[in-house]
Amino acid sequence: MHTRRYYTLTASCPDQTGIIARVAGFIAQYGGWILESRFHAEDGNGEAAGRYFMRMEVRADSLPFHLVELRERFGPLAESLSMTWRITDSAVRRRVVIVVSKQEHCLYDLLSRWQSKELDIEIPCVISNHETFRAFVEWHGIPFHHVPVSPSDKAAAYAEIRRIYEEVRGDTMVLARYMQILPAEMCERFAGQMINIHHSFLPSFIGARPYHQAYERGVKLIGATCHYVTADLDQGPIIEQDVIRIDHSDSVDDMMRYGKDIEKAVLARGLRYHLEDRVLVHANKTVVFR
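**A word on the pairing of strand E1 (residues 6-14)**
Right, so step 1: For E1, a buried count of eight out of nine residues is recorded, marking the element as mostly surrounded by other parts of the structure.
Right, so step 2: Note that E1 and strand E4 (residues 84-89) share six bridges and pair antiparallel. Bridge pairing in E4 links Thr8 to Thr88.

Structural data, given as structure tokens:
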């Protein structure tokens, strides 16, 4: 992470000759100083085949204009290359809304990283369908919203979550073990803004007791997956994954403890990649420039 303020350009477009030259030339003509650049051409037969992905960091003070004008000037070039693109400013702290149910480990970890400045973000509020963590969250000076989910009227709860998120001007919503299924309309409205964490046993071990099922089957690896939320449950574009090896001597309680540890780490890394604009998505294919 650079200490100087910088702009980050992330883009993807149909692969063709001269993409790097044209983008780098655009930056150079204004005296721009490129701090970091990463590129990837997607081969294969998938929907993202023939797609080119790129990420560049440019020192903000090396350009003779501000972000708005940079976007305006870059627009015609991006259009000529049929680019999907965005440019962000490292000086603008992202506003992350955390949504949680009754499992504490991911919430505790995120607030610890936020308090220590490891995650340089703003947390305008925490939303939960239970009152369990109100005192803990408010002790950190963060507003807490209790939004119960009634089986007879879930739509009202989701509408309230959406209202709060928009009211606090959230940039990212983290489902830190939120044990409710969000409606398709909400997933589509905030596509690319909502991040979830789950154990990598899915979809092999679904339901309320995945670790018990895994124990009975004698699994040898415990994992976790951080992904974007889509209308297809737990099928969104993958941001980060990791695993830890276990053996026959580990109990269900051991597995659950290991699982919580790896979920915390994977969620934190995935969120950081997202906040630093290191994740590019096209047709559900993710390219992550770590």
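**With respect to the sheet that holds strand E2 (residues 34-42)**
Right, so step 1: Overall, antiparallel pairing links the four strands, which are arranged E2-E3-E1-E4 in an open sheet. Whereas interior strands pair on both sides, the edge strands pair on one side only; in this sheet they are E2 and E4. Looking at each pair of strands side by side, their axes are set apart by 10° on average, direction ignored.
Right, so step 2: Across the sheet, helix H1 (residues 19-29) touches E1, E2 and strand E3 (51-59), and the angle it forms with E3 is around 20°.
Right, so step 3: Sheet strands touched by helix H2 (residues 67-80): E1 and E4. Its angle to E4, the strand with the most contacts, is close to 165°.

**Focus: the sheet that holds strand E6 (residues 126-128)**
Right, so step 1: Read across the sheet, seven strands follow the order E7-E6-E5-E8-E9-E10-E11 without closing on themselves; strand pairing throughout is mixed. Two strands bound the open sheet, and with one partner strand each, they are strand E7 (144-146) and strand E11 (238-245). Direction aside, the axes of adjacent strands within the sheet are offset by 15° on average.
Right, so step 2: Bridge count for strand E5 (residues 96-100) against E6 is three bridges, and the pairing is parallel. Each residue of the ladder has a partner; that of Ile98, found in E6, is Val126.
Right, so step 3: Relative to the sheet, helix H8 (residues 252-275) contacts E5, strand E8 (172-175), strand E9 (194-199), strand E10 (221-228) and E11, its axis offset from that of E11 by approximately 150°.

Procedures and definitions
Residues numbered from 1 in each chain as written. Predicted model: local features only at pLDDT ≥ 70, side-chain atom pairs only at ≥ 80, totals over all residues. Heavy atoms only, no water. Buried < 20%, exposed > 50% of the residue type's maximum accessible area, 1.4 Å probe, protein only. Helix = DSSP H or I, 4+ residues; strand = E, 2+ residues; numbered from the N terminus. Pairing = 2+ DSSP bridges. Axes fitted to C-alpha atoms, helices over the stretch in contact; angles between N-to-C directions. Contact = heavy atoms within 4.5 Å.

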